[in-house]
Amino acid sequence: MDRAMEVCMEAARLDKDDTENKNRLLVMKTAKDRLRKDLNDRLPPLTKQEAQNRRRSLEENLYINLLQDGYYETFQEIFHLINKQAEDRLKGGPDSILWHRAQLTQQPNKIDMMARLLKEAEDAARLGDFSDVYISHFALAKFFQAPEDIWLADHFFENCLTYSSLIPTDDGMRTAEARCQVGLSAERQGDLNKAIENLTDYYRLTYGHTWLSGSGLAMHADACSQLTRVYSTLAMQCQEEENMIASLEYYEKAFKFANESEDTNLISEMTYLLGTAFEKAGDMQIALKHLNNYLESSLSADDKDGMSKAYEAIALVHQVEGRTDEAISAFHEYTKVAEMTNNDKALAKASLRLGALHNCIGNYLQSAGYFIKAFSVSQSEGSDRVLINASRVQYGISVAHRMLSRYTRHFDKDSLPYWERLLDWKECKKNEFDKPLPERVSEVRREVKRVQQYRQETDEKLKEKKTAASVSTKKPRRSSVYVKRPSEPTQL
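Please read these numbers as outputs of a predicted model, since none were measured by experiment. (Residues numbered from 1 in each chain as written. Predicted model: local features only at pLDDT ≥ 70, side-chain atom pairs only at ≥ 80, totals over all residues. Heavy atoms only, no water.)

K.L.:
Mind showing me how you'd approach the overall build of the protein here?
P.N.:
When you go through the protein residue by residue, the secondary structure sums to 20 helices and 0 strands. Across the 492 residues in the protein, those meeting the buried criterion constitute 34%. Taking all contacts inside the protein whose residues are at least 6 apart in sequence as the whole, residues at least 24 apart take part in 48%. (Helix = DSSP H or I, 4+ residues; strand = E, 2+ residues; numbered from the N terminus. Buried < 20%, exposed > 50% of the residue type's maximum accessible area, 1.4 Å probe, protein only. Contact = heavy atoms within 4.5 Å.)

Structure representation (structure tokens):
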């Protein structure tokens with residue numbers, strides 16, 4: 001009986017729990033229906049196509065939309081760029097920077113910009129308006145100027161060059177602009193020969209025209225400036241390879257284009273570079289000519305930095321040629337400019353070189369003064385340890401040179417005071433070599449000889465006295481005459 005009651009109570013409890021669960025599920029379903037109804041009221045229902053679009057990736061939706069709208073060339077362009085980036089990433093591998101760079105498919109704003117402008121270009125191409133096609137591609141190239149997107153800019157600049165030849169009404173201005181951009185792209189990639197080829201076309205197309213670039217610069221002057229820079233870079237590379245003939249040729253071409261650009265700052269800079277190039281090549285006369293021209297232009301423009309560079313280079317040329325006075329004069333001017341501009345490093349360098357020059361010609365006192373100045377200036381600057389150590393060593397050398405001539409003169413004199421000075425120097429480094437040397441050396445020698453003679457005479461007298469004393473103290477000799485000894489008394 002008790003067992004039956006327990007079973008009935010358990011069944012009643014389970015029925016109650018089941019009812020509660022059903023009520024709970026009903027409440028949850030009601031809440032979900034209410035939420036779904038609210039969302040449907042707020043948002044319009046999705047169509048089947050919209051639902052499919054949400055399931056597909058950005059790339060797939062873009063391709064489908066482009067093809068459905070009939071933009072086949074835009075589809076091909078974007079498809080090619082996305083695949084190219086993926087191939088380059090795989091080719092570089094996990095260790096390359098491309099592996100960790102965001103893909104175009106992960107950047108919707110860039111994809112949308114490309115799609116919009118390329119569709120405009122495709123519409124313009126269908127109408128035969130290649131000027132608008134050029135403008136759209138040029139705008140895309142300017143949009144992708146970030147370091148990680150520069151490869152896209154190069155691609156669209158190449159497209160600009162292609163479409164510029166199809167514009168018959170601008171007399172080649174768009175082609176010149178595209179040539180400039182392609183040349184700069186090649187320069188960024190390190191292909192300087194291709195850069196010169198395109199920039200030379202840019203120069204040729206702008207010659208005789210007064211075209212202005214988008215930034216308001218005269219395009220022909222800009223072409224001259226660009227060629228000057230690229231030729232200068234080539235010249236520096238040849239200098240590093242010690243190919244001075246090719247380096248001078250490139251520098252002369254750069255100097256020619258700099259003069260044609262009529263940019264005074266660029267002309268001055270190329271004059272200086274050409275002068276230093278001839279100096280390194282060993283042609284000092286031509287180097288001095290260009291450096292003097294650079295100095296004149298710096299003086300007229302009151303360019304203190306240019307004046308410092310010019311005076312230093314001119315002084316070095318004079319020093320190599322053996323014209324010490326001219327070199328010292330140029331370094332003095334270099335020092336004045338450094339003091340005016342409070343350029344401690346330049347002042348220390350100039351003082352160091354002046355000290356070295358005076359040391360070479362035997363002005364050891366002035367040399368030491370300049371080395372002290374170089375040390376104090378470089379030490380106050382507190383940054384260039386090379387200058388500090390160099391001035392220390394050079395100062396010690398100049399002091400040693402100054403003392404050396406007087407030191408060696410003491411070896412040539414056969415006199416006691418000279419020897420005493422040398423002994424003092426050896427014992428305690430007592431430097432008395434700067435004191436006046438004895439003038440009457442012959443009298444000193446006679447005095448030394450008289451003292452030696454006096455000592456000799458004194459020694460002789462002492463020797464005689466010793467001899468006499470020894471004689472007086474000797475015992476007298478026994479006589480040889482026989483003396484008979486008395487006989488002993490006779491014993492009784």
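K.L.:
Sorry if this is basic, but what is going on with helix H13 (residues 284-300) here?
P.N.:
Helical periodicity: at 3.6 residues per turn, an α-helix aligns residues three or four positions apart in one direction. Relative to the 24 Å expected for 17 residues at 1.5 Å per residue, H13 spans 24 Å between its end C-alpha atoms, a close match to the ideal helical length. Where H13 is concerned, the buried positions are Met284, Ala287, Leu288, His290, Leu291, Tyr294, Leu295 and Ser298. On an axial view of H13, the arc spanned by its buried residues comes to 170°, and they lie on one face. In H13, those exposed residues whose orientation departs by more than 90 degrees from the buried face are Gln285, Lys289, Glu296 and Ser300. Tucked inside the fold, the buried residues of H13 contact helix H12 (264-281) and helix H14 (304-321). At the C-terminal side of H13, Asp302 shows a positive phi close to 55°. (Expected span 1.5 Å × (residues − 1). Arc of directions from axis to C-beta.)

K.L.:
I'm lost on helix H10 (residues 219-240) in this one. Help?
P.N.:
Compared with the 32 Å implied by 1.5 Å per residue over 22 residues, the 32 Å span of H10 between its first and last C-alpha is a close match. Just downstream of H10, Glu242 is the residue with a positive phi angle, here 60°.

K.L.:
Just to check I follow, could you spell out unusual backbone geometry for this structure?
P.N.:
Peptide bonds are trans in most cases, and residues, glycine excluded, mostly fall at negative phi. A positive phi angle is found at Asp171, which is not glycine, with a value near 60°. Looking at the element boundaries, Asp171 is found in the loop between helix H7 (150-164) and helix H8 (173-188). The exposure class assigned to Asp171 is exposed, which follows from its relative accessible area of 57%. With phi around 60°, Glu242 is a residue other than glycine that occupies positive phi space. Position of Glu242 among the secondary structure elements: in the loop between H10 and helix H11 (244-261).

K.L.:
Teacher, can you tell me more about the environment of Lys309 here?
P.N.:
Among the secondary structure elements, Lys309 is positioned in helix H14. For Lys309, a relative accessible area of 26% gives the class partly exposed. In this structure the C-alpha to C-alpha distance between Lys309 and Tyr294, which are 15 residues apart in sequence, comes to 9.2 Å. Not counting residues within four places of it along the chain, the set of residues in contact with Lys309 comprises Glu269, Tyr272 and Tyr294.

K.L.:
Just checking my understanding: could you explain the nonpolar core for this structure?
P.N.:
Most often, soluble globular proteins have nonpolar side chains that are buried together. With 62 residues, the main nonpolar core has Tyr202 and Tyr251 as its most contacted residues. Tallying contributions element by element places H10 first for this core, with 8 residues. Dropping the residues within four chain positions of it, Tyr251 is found in contact with Ser232, Ala235, Met236, Gln239, Met270, Leu273, Leu274 and Ala277. (Core = buried A, V, L, I, M, F, W, Y, C linked by side-chain atoms within 4.5 Å.)

K.L.:
Mind showing me how you'd approach the packing of helix H15 (residues 324-340) against helix H16 (residues 344-361) here?
P.N.:
Two quantities define a packed helix pair, namely the angle between the axes and the distance from one axis to the other. Two numbers describe how H15 lies on H16: the axes approach to 9 Å, and their chain directions differ by 160°. When the interaxial angle is binned, H15 and H16 end up roughly antiparallel. The two elements H15 and H16 meet at a crossing, and its hand is left-handed. Along the contact surface, H15 presents Thr324, Ala327, Ile328, Phe331, His332, Tyr334, Thr335, Ala338 and Glu339, while H16 presents Ala346, Leu347, Lys349, Ala350, Arg353, Leu354, Leu357, His358 and Ile361. Its residues assigned to classes, the contact of H15 with H16 shows 11 nonpolar, 4 polar and 3 charged. (Axes fitted to C-alpha atoms, helices over the stretch in contact; angles between N-to-C directions. Parallel < 35°, antiparallel > 145°, perpendicular 65-115°, else oblique. Left-handed = near helix turned anticlockwise from the far one by under 90°. Nonpolar A, V, L, I, M, F, W, Y, C, P; charged D, E, K, R; others polar.)

K.L.:
What is the right way to read the confidence of the model for the protein from this model?
P.N.:
The predicted coordinates ought not to be read in detail in places where the model reports low pLDDT. Per-residue pLDDT for the protein averages 80, and the proportion of residues at 70 or more is 75%. Within the model, the stretch residues 478-492 combines pLDDT values under 50 with 0 contacts to residues more than four positions away or in other chains. (pLDDT = per-residue confidence, 0-100.)

K.L.:
When you look at the packing of helix H5 (residues 108-126) against helix H6 (residues 130-143) in this model, what are you seeing that I'm missing?
P.N.:
Close contact between H5 and H6 brings their axes to 7 Å; oriented N to C, the two are set at 165°. Between H5 and H6, the interaxial angle falls into the category roughly antiparallel. As for the relative orientation of H5 and H6, their crossing is left-handed in sense. For the pair H5 and H6, the contacting residues are Lys110, Met113, Met114, Leu117, Leu118, Glu120, Ala121, Ala124 and Ala125 in the first and Phe130, Asp132, Val133, Ser136, His137, Ala139, Leu140 and Phe143 in the second.

K.L.:
What's the story with the packing of aromatic side chains in this structure? I'm lost.
P.N.:
The description of an aromatic ring pair uses the distance of the two centres, along with the angle that the planes make with each other. All told, the structure shown has 12 aromatic pairs when counted by the stated rule. Plain terms: the ring middles of Tyr272 and Tyr294 are 5.1 Å apart, the flat faces sit at 40° to each other, and that makes the pair tilted. Residue Tyr272 is found in helix H12, and its partner Tyr294 is found in helix H13; the two are separated by 22 residues along the sequence. In this pair, the class of Tyr272 matches that of Tyr294, namely buried. Linked through ring pairs, Tyr203, Tyr207, Tyr231, Tyr250 and Phe257 together constitute an aromatic cluster. Lying across the ring of Trp99, Arg89 places its NZ or CZ 4.0 Å from the centre. (Phe/Tyr/Trp six-rings, centres within 6.5 Å; stacked < 30°, edge-to-face > 60°. Lys NZ or Arg CZ within 6 Å of the ring centre and 35° of its normal.)

K.L.:
What am I meant to see in the pattern of salt bridges here?
P.N.:
Two side chains carrying opposite charge are able to pair once their charged atoms lie near each other. The full count for this structure, using the stated rule, is 17 salt bridges. Ionic pairing is found between Arg204 and Asp201, a salt bridge with its closest N-O pair at 3.4 Å. On the criterion of helical spacing, the pair formed by Arg204 and Asp201 is a turn pair, its members being 3 residues apart in helix H9 (residues 192-206). For Arg204, a relative accessible area of 53% translates into the label exposed. (Salt bridge = Lys/Arg side-chain N within 4 Å of Asp/Glu carboxyl O.)

K.L.:
Is there a simple way to think about the environment of Gly306 in this case?
P.N.:
Position of Gly306 relative to the elements: it lies in helix H14. Overall, the relative accessible area of 1% leaves Gly306 in the buried class. Remark: the alpha-carbon pair of Gly306 and Leu295, spanning 11 residues in sequence, is separated by 7.1 Å. When near neighbours in sequence (up to four residues on either side) are disregarded, Gly306 contacts Tyr294 and Ser298.

K.L.:
Teacher, can you tell me more about the side chain of Gln103 here?
P.N.:
Along the polypeptide, Gln103 turns up in the loop between helix H4 (72-92) and H5. With relative accessibility at 13%, the residue Gln103 sits in the buried group. Not counting residues within four places of it along the chain, the set of residues in contact with Gln103 comprises Gln85, Ala86, Arg89 and Leu98.

K.L.:
How should I be thinking about the side chain of Gln239 in this particular structure?
P.N.:
Along the chain, Gln239 falls in helix H10. Every residue in contact with Gln239, bar those within four places of it in the chain, is listed here: Met244, Ser247, Tyr251, Ala277 and Lys280.

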